[in-house]
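Here are the chains, one letter per residue:
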Amino acid sequence: MPHTKRRRLVTTAVAVSLGATALAACGSGDDSEAESGPVSLTYWTWTPGMDKVVDLWNKGPGKKEQITVTVKKQASGDTLVTKILTSHKAKKAPDLVQAEYQALPTLVSNDALADVSEDVEDVKDKFAEGVWQQTTLGTEAVYAVPQDIGPMMFYYREDLFKQYGLKVPTTWEQFAETARQLKKKAPDKDLTTFSANDSGLFAGLAQQAGAKWWSTSGDKWKVGIDDAATRKVAEFWGGLVEEGVIDNQPMYTPSWNKALNTGKQIAWVSAVWAPGTLTTAAPDTKGKWAMAPLPQWSADQDVTGSWGGSSTAVTTDSAHKEAAAKFAVWLNTDHDALNALAKEGGIYPASTSAQLSGAFSNPPAYFSNQPDFYTKAADIAKTTAPASWGPNVNVAYTSFKDAFGAAAKNKSDFAAALRKMQDDTVADMKKQGFGVSQ
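Treat the numbers as computed from the prediction; the structure is a model and nothing was measured.

Conventions and cut-offs
- In every chain, residue numbers begin from 1 and rise along the written sequence.
- Local features in a predicted model are, by the rule used here, given only for residues with pLDDT of at least 70; side-chain atom pairs are given and counted only at 80 or more, and totals for whole chains, interfaces and linings are based on all residues.
- To get the side-chain values, all heavy atoms of the structure are used, and hydrogens and water are removed first.
- Summary of the burial criterion: residues with accessible area below 20% of their type's maximum are buried, those above 50% are exposed, and those between are partly exposed, where the area comes from a 1.4 Å probe applied to protein chains only.
- Segments assigned H or I by DSSP are reported as helices when at least four residues long, segments assigned E as strands when at least two residues long, and all are numbered from the N terminus.
- Should DSSP find at least two bridges between two strands, the strands are regarded as paired.
- To count toward a patch, a residue needs a relative accessible area over 30% and no salt bridge; like charges are then connected within 9 Å, while nonpolar side chains (Val, Leu, Ile, Met, Phe, Trp, Tyr) are connected within 5 Å.
- Each accessible area is a Shrake-Rupley result for a 1.4 Å probe, and residues are judged covered by the shown protein chains and nothing else.
- For this document, the term salt bridge refers to a Lys or Arg side-chain nitrogen within 4 Å of an Asp or Glu carboxyl oxygen.
- This count recognises Lys and Arg as positive and Asp and Glu as negative, with His and chain-terminal groups excluded.
- All charge positions are set by atom: Lys at NZ, Arg at CZ, Asp at CG, Glu at CD.
- A pair of aromatic rings is counted whenever rings of Phe, Tyr or Trp (Trp by its six-membered ring) have centres within 6.5 Å, and the orientation is called stacked for planes under 30 degrees apart, edge-to-face for over 60 and tilted otherwise.
- Sitting over a ring, as applied to charges here, requires NZ of Lys or CZ of Arg to be within 6 Å of the ring centre and within 35 degrees of the ring normal.
- It only takes one pair of heavy atoms within 4.5 Å for two residues to be counted as in contact.
- A residue's pLDDT is simply how confident the predictor is in it, with values from 0 to 100.
- Polar contact is the term for a pair of N or O atoms within 3.5 Å; when the atoms are in protein, one must be able to donate a hydrogen and the other to accept it, and sequence-neighboring residues count only if both atoms are side-chain atoms.
- The axes are straight lines fitted to the C-alpha atoms, using for helices just the contacting stretch, and the angles between their N-to-C directions are given from 0 to 180°.
- Comment on the angle field: the value is read as roughly parallel under 35 degrees, roughly antiparallel over 145, roughly perpendicular from 65 to 115, and oblique elsewhere.
- Helix crossings fall into two classes, left-handed where the near helix is turned counterclockwise from the far one by less than a right angle and right-handed where it is turned clockwise.
- Residues were grouped as follows: Ala, Val, Leu, Ile, Met, Phe, Trp, Tyr, Cys and Pro as nonpolar; Asp, Glu, Lys and Arg as charged; and all remaining residues, including Gly, as polar.
- One fewer than the residue count of a helix, multiplied by 1.5 Å, yields its expected span.
- In this description, one arc is meant: the one made by directions from the helix axis to the C-beta atoms.

This part is about the pairing of strand β3 (residues 96-100). Looking down a regular strand, the side chains alternate between one sheet face and the other. With four of five residues buried, β3 is to be regarded as a mostly interior element. Sheet analysis places strand β1 (residues 39-45) next to β3, joined by two bridges and oriented parallel. Residue pairing in the sheet places Tyr43 in a bridge with Leu96 of β3. Sheet topology places β3 next to strand β9 (residues 306-314); five bridges connect them, and they run antiparallel. Within β9, the position partnered with Leu96 by the bridge is Val314.

Given below as structure tokens:
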């Protein structure tokens, strides 16, 4: 693919509309020939147990439709994105790929994903608006079907909150005051930690505050990582670290696990998938935690951010786009498929109807003390704020880990770290040939 085409901005409404028309014309021609007989599709995914889920399709709807899907297990994250793009350059990408929401702009801007809007428009109402928006990139096109999501929540040690006379914070101001109260009553304990080793957490917090890190204007990108909303988040957490009322150690380390398991850290800002992590990190505290909505920036708000989640996309290289889209819809909306995804892959479905049925009828075993866990989670998921991703999220995330990692360790200026993140992201986009407006 020519460099200029590969680097062009295709996520503006006009560019995507024109590109989608061309893709639809190409895809329909391929499909009209291919769908007259048996169709074989290849699906790249990292979800555990996906082969068992796909077996349900191959033995049921797929057999009837004469559409067989073969799973090819892959690494996740940037490794998979790179592999998809490399395969696409050779016109040999698989029919279907699992893609994290933040990776979609990169794949679309490289013409790797097909617009499947005509084949999936009937299922839009099965997903929260903020979730569906991530697969459209703010255009009329649809580049994937949502699979799983990670609405953010507040987790806390119910027993220790009671012991120290703490109230569950409903605003971030109250959150800060709770951290101070705990430090006064138990100097050896921390409410939580600010971790610079997972950029997704910070991105979700910024998202909740109203940040739009990437947007488009005409044929140019605008990078707003250092916007007012994100600065508010950075300065809030940086202030707590500098004040010494929360910890500054990274998550997912033996030390962090021990802090959770022993009650040295008594709360965690996380997402709906936290029970799985806590089961491993803090096994001795099972049944002692509770979940509540994320604190808000003002008392009259009701919004959460998203930490994680992925979708099922059809590639432009597929000769069977219509068949691939049919499978993607089944995988992410069918009752049996979603139950199998939850059981085999441990995912929290994007489909709103699945969030209160099947595998989610009862609370996680770790939270057996909170029978309404998934009822509350489903209500929170509905309030997920729209996300705004760009073509070089990987660069922004790497810069975050470097700049905020140093700032957290040294208890230095988080605002300066945010500016560094902004500057690195803009510089990389310009280097790649994207038009960037200041």
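Next comes the rest of the account.
So, on to a negative patch on the surface. A contiguous patch of negative charge on the surface is contributed by Glu118, Asp119, Glu121, Asp122, Asp125 and Glu322. Counting through the fold element by element, Glu121 comes out in the loop between α7 (117-120) and α8 (129-136).

Inspection of every chain in the model, using the stated rule, returns 39 aromatic pairs. With centroids separated by 5.3 Å and ring planes inclined at 55°, the aromatic side chains of Trp57 and Trp330 adopt a geometry described as tilted. On the criterion of sequence distance, the pair formed by Trp57 in helix α3 (residues 50-59) and Trp330 in helix α15 (residues 321-333) is long-range, its members being 273 residues apart. Here Trp57 matches Trp330 in class, with each residue buried. Aromatic pair Phe236 and Trp237: ring centres 5.7 Å apart, planes at 85°, arrangement edge-to-face. For the pair shown, Phe236 and Trp237 are each scored as buried. Sitting over the ring of Trp44, Lys83 keeps its end group 5.0 Å from the ring centre.

Let us look at the environment of Tyr397. As for its position among the elements, Tyr397 is in helix α18 (residues 393-410). The contacts of Tyr397, once residues within four sequence positions are left out, are Gln102, Ser199, Gly200, Ala203, Trp213 and Trp389.

A few words on the confidence of the model for the protein chain. Mean pLDDT over the protein chain works out to 90, with 92% of the residues at or above the 70 mark. Taken as a whole, residues 1-34 scores under 50 in pLDDT and shows 58 contacts with residues more than four places along the chain or in a different chain.

In this section: the environment of Asp226. Topologically, Asp226 is positioned in the loop between β6 (220-223) and α12 (228-243). Residues Asp226 and Asp423, spaced 197 residues apart in sequence, show a C-alpha to C-alpha distance of 8.9 Å. Leaving out residues up to four positions away in the same chain, Asp226 has contacts with Arg231, Leu418, Arg419 and Gln422.

Structurally, the position occupied by Asp115 is in the loop between α6 (104-109) and α7. Put simply, Asp115 is tucked away with no salt bridge, and the nearest opposite charge, on Lys321, sits 12 Å away. Polar side-chain contacts of Asp115 include one of 3.0 Å to the backbone nitrogen of Val142.

Pairs of packed helices are described in terms of their axes, by the angle between the two and the distance that separates them. Following both chains from N to C, one finds α3 and helix α16 (residues 335-345) inclined at 165°, their axes separated by 9 Å at the closest point. With respect to each other, α3 and α16 are oriented roughly antiparallel. The two elements α3 and α16 cross, and the hand of that crossing is right-handed. Residues Met50, Lys52, Val53 and Leu56 of α3 pack against Asp336, Ala337, Ala340, Leu341 and Glu344 of α16.

Turning our eyes to something else, we now look at the packing of helix α11 (residues 199-208) against α12. As a packed pair, α11 and α12 sit with axes 8 Å apart at the nearest point and diverge in direction by 125°. Of the possible angle classes, the one that applies to α11 and α12 is oblique. Pair α11 / α12 crosses with right-handed handedness. Between α11 and α12, the contacting residues are Phe202, Leu205 and Ala206 on the first element and Thr230, Val233, Ala234 and Trp237 on the second. Grouping the amino acids of the contact of α11 with α12 by side-chain chemistry returns six nonpolar, one polar and no charged.

Moving on, we come to helix α10 (residues 172-185). An ideal rise of 1.5 Å per residue puts 20 Å on 14 residues; α10 measures up with 20 Å between its terminal C-alpha atoms. The set of residues buried in α10 consists of Trp172, Phe175, Ala176, Thr178, Ala179 and Leu182. Down the axis, α10 shows its buried residues gathered within 155° of arc, on one side only. Projecting away from the buried face of α10 at angles above 90 degrees are the exposed residues Glu173 and Lys184.

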